[in-house]
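Analysis of the macromolecular model
One letter stands for each residue in the lines below.
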Amino acid sequence: MARDLSPEVERLMRSREVNTKKKAALCSIRIVRKVPDLAENFMALAASLLKEKHHGVLISAIQLCTELCKASKDALEYLRKNCIEGLVRILRDVSNSSYAPEYDVSGIADPFLHIRVLKLMRILGQGDANCSEYMNDILAQVATKTESNKNAGNAILYECVQTIMGIEATSGLRVLAINILGRFLSNRDNNIRYVALNMLMRAIAVDALAVQRHRTTILECVKDADASIRKRALELVFLLVNDTNVKPLTKELIDYLSIADPDFKGDLTSKICSIVEKFSQEKLWYLDQMFKVLSLAGNHVKDDVCHALIVVLSNASELQGYSVRSLYKALQAYGKQGSLVRVAVWCIGEYGEMLVNNVGMLDGEEKITVTESDAVDAVEIALNRHSADATTGAMCLVALLKLSSRFPSTSERVKQIVARNKENVVLELQQRSIEFSSIIQRHQSIRSSLLERMPVLDEASYLVKRATATQATISANKLAPTVAPGGLKLPNGVAKPTSAPLADLLDLSSDGAPASTTTSTTPNDFLQDLLGIGGVSTSTAGVPSTASTDILMDLLSIGSSPSQNGTPGQAESKPVHAVPEAIDLLGSLSSTTSVSAEIKPTHSVSQDMDLLDGLSSSTSFSGPEKTVHPSITAFQSTTLKITFDFKRQPGNARETTIHATFTNLTSCTYTDFIFQAAVPKVTSYCCILCLSFPLAL
């Protein structure tokens, strides 16, 4: 219908009646949206309508031009060449026009036409330097002459700023736009401040220096009563931080942390910790800021931040004394902050003697008097106060045990404190208490060596591990397309994803498969580990049997190669094809079943053996090594039959030749026949597959 009626709409757009032109322009917008191929029919008409005087026709024409630019690149180029001058003229006329009651909104002449023109200018000027240069003067005029004390004027200014930031504007014009946003931040209206913060976040990528000039105003927005403005301002401050302003900005944020709302402390703490970790120029400043954050908002600090702090402490040997003293003082004043307690207790347990002896004093640092008993008191108070927290309690018990070694005079008191938790309802604390009491009472000879100071933690490897874990978390949070059972259909010849369960089962050389450590480990052990049967052994006593079992035979359910249990002289070497009876998997884990293959030629392999049979840790097979295996039918249907023949190579027990025969059971001819085989990736085994096509496929 749109195609049939478009010629009539084009005719009506040439009408002399104003309302008819406007209606036809609005109708053409719908036509372009539904049938973008017709865009070229309306380009010239849309450009001609921009010469009209009636504002209703102008707004409709500008909206039509906008839709044409979105629908066709050719239309975009055409309008760039033919409409820029008209748009500049319209914007100049409406900006300089005198009072007109029919278009006036709060003293602003037709803000709707202003905004439509500015949006179309942004589309035309984006990525085009010539068009942008032609717009610069009129945009500067609108930005400076529009009143900002009225809502309609602010709407025009906001759209003007978006246009300036979206085109190839000059640097001076961009600074003017950012200054307008700075004035918005001082407005009492929350909506105006919020949109200004959003625009400033986008403007940082264009001109960060100009945004930096409004840093003080942005910091004030962090303290705003509105939660949305606080959060957006905090994100903007985080983007503003660099090596030159990190210290004053961090100080401002930490000062506000003490009076911030509890609901906002979590986000604020996370941002401060990220800033300090990312831009710390020296370890002393990093430690000081982290100690302040732990003291003011320790309950909001995440565990990975505390772990990173401990790693830094273990590597800063010259600051360990200063750190343990600072944390001890903070613990006395802010003992209810959970993360502070854990870090402080760890440091006291590791560097307690530095705390008592004032080791490693820095210039200007005041000495504090702490006795051995005071150090134990601090940890005991933390243990009692945070008894419900198993992690904190466990760290306190470890710290007390280490202090008993550092300060022998407190050993008896520590033993009493530890013994109180022997009946703790938390199993972790109960177990630690019993074990630590035993160390204090019965193992005095090894206690000092057992409780030595922790070795220096590898900071570089920890940072890599932490970054990897963060990236993995981000990847895991991304939405992945879900496939319903049976919904994934792959054509013939297309490889399935490698994460399929069968592929994982056959991939014996994957990272999850344990490596062989002894000469008595059979290849079947790989399957046992993959199937979750741990701690079992299928090796024979005293004889290496790395080649005694053919894994491929197990996977194809045709039985196992019996292991040799004895010397060749003890049994006559004859081909054996006996299959042991099926063994219950769960029942055999604790049994001591021994299956011995009779030395008689038999062919009882017609029944398939289950893959899980014979994997019991106590099951063994005895008999000579096989040299020939019977043929099996690997696949059979009404149209195709596949037969496998097996043969061990004489003198090489690790090599098996598989001869595959494909038989066409119909009179038709197969074309594009594809055969795929999955072979265990065991380096000690070499599988040679021979293909035979007896009939035309």
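Residues numbered from 1 in each chain as written. Predicted model: local features only at pLDDT ≥ 70, side-chain atom pairs only at ≥ 80, totals over all residues. Heavy atoms only, no water.

Attention shifts here to the overall build of the chain. Assigned secondary structure in the chain consists of 29 helices and eight strands. For the chain, the residues scored as buried account for 44% of the 697 residues in total. Considering only residue pairs separated by 6 or more positions, the chain has 68% of its internal contacts joining residues 24 or more positions apart. Element-wise, carbon and sulfur atoms account for 52% of the exposed surface of the chain, whose accessible area totals about 36800 Å². (Helix = DSSP H or I, 4+ residues; strand = E, 2+ residues; numbered from the N terminus. Buried < 20%, exposed > 50% of the residue type's maximum accessible area, 1.4 Å probe, protein only. Contact = heavy atoms within 4.5 Å. Areas by Shrake-Rupley, 256 points an atom, 1.4 Å probe, with all protein chains shown as cover.)

Moving on: the pattern of salt bridges. As enumerated under the stated definition, the model contains 26 salt bridges in all. Here arginine 3 and aspartate 37 are joined by a salt bridge, their closest N and O atoms 3.6 Å apart. Within this pair, whereas arginine 3 is found in helix H1 (residues 2-13), its partner aspartate 37 is found in the loop between helix H2 (18-34) and helix H3 (39-49), the two being separated by 34 residues in sequence. Judged by its relative accessible area of 55%, aspartate 37 is exposed. In this structure, aspartate 255 and lysine 251 form a salt bridge, with 3.1 Å as the shortest nitrogen-oxygen distance. Here aspartate 255 and its partner lysine 251 are both found in helix H15 (residues 246-257), four residues apart, which amounts to about one turn of the helix. Exposure remark for aspartate 255: the relative accessible area of 42% places this residue in the partly exposed category. The exposure class assigned to lysine 251 is exposed, which follows from its relative accessible area of 53%. Several salt bridges converge on common partners, so that one network encompasses Asp377, Glu380, Arg413 and Arg420. (Salt bridge = Lys/Arg side-chain N within 4 Å of Asp/Glu carboxyl O.)

Once that is clear, we can look at the packing of aromatic side chains. Per the counting criterion, the structure on display carries three aromatic pairs. Above the plane of the ring of phenylalanine 264 lies arginine 230, whose end atom (NZ or CZ) is 4.9 Å from the centre. The ring centre of phenylalanine 238 lies 4.6 Å from the NZ or CZ of lysine 271, which sits over that ring. (Phe/Tyr/Trp six-rings, centres within 6.5 Å; stacked < 30°, edge-to-face > 60°. Lys NZ or Arg CZ within 6 Å of the ring centre and 35° of its normal.)

Attention now moves to the packing of helix H4 (residues 55-71) against helix H7 (residues 111-125). The N-to-C vectors of H4 and H7 enclose an angle of 25 degrees; their axes lie 10 Å apart at closest approach. As the angle between them shows, H4 and H7 are arranged roughly parallel. The element H4 and its partner H7 pack so that their crossing is left-handed. Facing H4, whose interface residues are His55, Leu58, Ile59, Ile62, Gln63, Cys65, Thr66 and Cys69, H7 presents Phe112, Leu113, Arg116, Val117, Leu120, Ile123 and Leu124. (Axes fitted to C-alpha atoms, helices over the stretch in contact; angles between N-to-C directions. Parallel < 35°, antiparallel > 145°, perpendicular 65-115°, else oblique. Left-handed = near helix turned anticlockwise from the far one by under 90°.)

Before going further, it helps to spend a moment on the packing of H1 against H2. Running from amino to carboxyl end, H1 crosses H2 at an angle of 150 degrees, the nearest separation of the two axes being 9 Å. One way to sum up the angle between H1 and H2 is to call them roughly antiparallel. Every pair of crossing elements has a handedness; the one defined by H1 and H2 is left-handed. Counted together, Ala2, Ser6, Val9, Leu12 and Met13 of H1 and Thr20, Lys21, Ala24, Ala25, Cys27, Ser28 and Ile31 of H2 form the full contact between these two elements. Each residue belonging to the contact of H1 with H2 can be placed in one class, and the counts come to eight nonpolar, three polar and one charged. (Nonpolar A, V, L, I, M, F, W, Y, C, P; charged D, E, K, R; others polar.)

Our next topic: helix H21 (residues 372-385). If you check H21, its first and last C-alpha atoms are 20 Å apart, about what 14 residues at 1.5 Å a residue would give, namely 20 Å. Among the residues making up H21, those that are buried are Ala375, Val376, Ala378, Val379, Glu380, Ala382 and Leu383. If you follow the buried residues of H21, they end up packed against helix H19 (320-333), helix H20 (338-357), helix H22 (390-406) and helix H23 (411-419). (Expected span 1.5 Å × (residues − 1).)

Okay, unusual backbone geometry next. The phi dihedral of serine 106 falls on the positive side, at around 55 degrees, and the residue is not glycine. By the secondary structure assignment, serine 106 is in the loop between strand E1 (104-105) and strand E2 (108-109). Although it is not a glycine, asparagine 358 sits at a positive phi angle of roughly 55 degrees. Along the polypeptide, asparagine 358 turns up in the loop between H20 and H21. The class of asparagine 358 is buried, set by a relative accessible area of 18%.

All right, on to the side chain of glutamate 67 then. Mapped onto the elements of the fold, glutamate 67 is located in helix H4. Ignoring sequence-local partners within four residues, the contact set of glutamate 67 consists of Ile29, Val32 and Arg33.

In the structure shown here, the tally under the stated rule is zero disulfides. Here cysteine 83 stays free of any disulfide, with the sulfur of cysteine 65 as its closest cysteine sulfur at 4.7 Å. (Disulfide = S-S within 2.5 Å.)

Compared with the 22 Å implied by 1.5 Å per residue over 16 residues, the 22 Å span of helix H24 (residues 427-442) between its first and last C-alpha is a close match. Among all positions in H24, only Leu429, Ser433, Phe436, Ser437, Ile439 and Ile440 are buried. The buried residues of H24 occupy an angular sector of 160 degrees when the element is viewed end-on, so they sit on one face. Across H24 from its buried face, at more than 90 degrees, point the exposed residues Leu427 and Arg442. Tucked into the core, H24 has its buried residues touching H22, H23 and helix H25 (444-450). (Arc of directions from axis to C-beta.)

For the rest of this paragraph, the subject is the side chain of asparagine 358. A polar side-chain atom of asparagine 358 sits 3.1 Å from the main-chain carbonyl oxygen of isoleucine 368. Excluding anything up to four places from it in sequence, asparagine 358 contacts Arg325, Lys367 and Ile368. (Polar contact = N/O pair within 3.5 Å; in protein donor to acceptor, adjacent residues only side chain to side chain.)

This next bit is on the environment of alanine 390. Considering the arrangement of structural elements, one finds alanine 390 in helix H22. Sequence separation between alanine 390 and valine 426 is 36 residues, and the spatial gap between their C-alpha atoms is 7.2 Å. Those residues in contact with alanine 390, other than ones at most four positions away along the chain, are Val426 and Leu429.

Further remarks concern the confidence of the model for the chain. Here the chain averages 77 in pLDDT, and 74% of its residues register 70 or above. Overall, residues 479-626 carries pLDDT values under 50, and its contacts beyond four positions in sequence, including any with other chains, amount to 187 contacts. When the criterion is pLDDT under 50, residues 682-688 qualifies, and its contacts beyond four places in sequence or with other chains add up to 20 contacts. (pLDDT = per-residue confidence, 0-100.)

In this fold, phenylalanine 184 is placed in helix H10 (residues 171-185). By relative accessible area, phenylalanine 184 is classed as buried at 3%. Put simply, phenylalanine 184 and tyrosine 194 are 10 residues apart on the chain and 8.9 Å apart in space, counted from C-alpha to C-alpha. If sequence neighbours within four positions are ignored, phenylalanine 184 has contacts with Asn154, Leu157, Tyr158, Ile192, Arg193 and Ala196.

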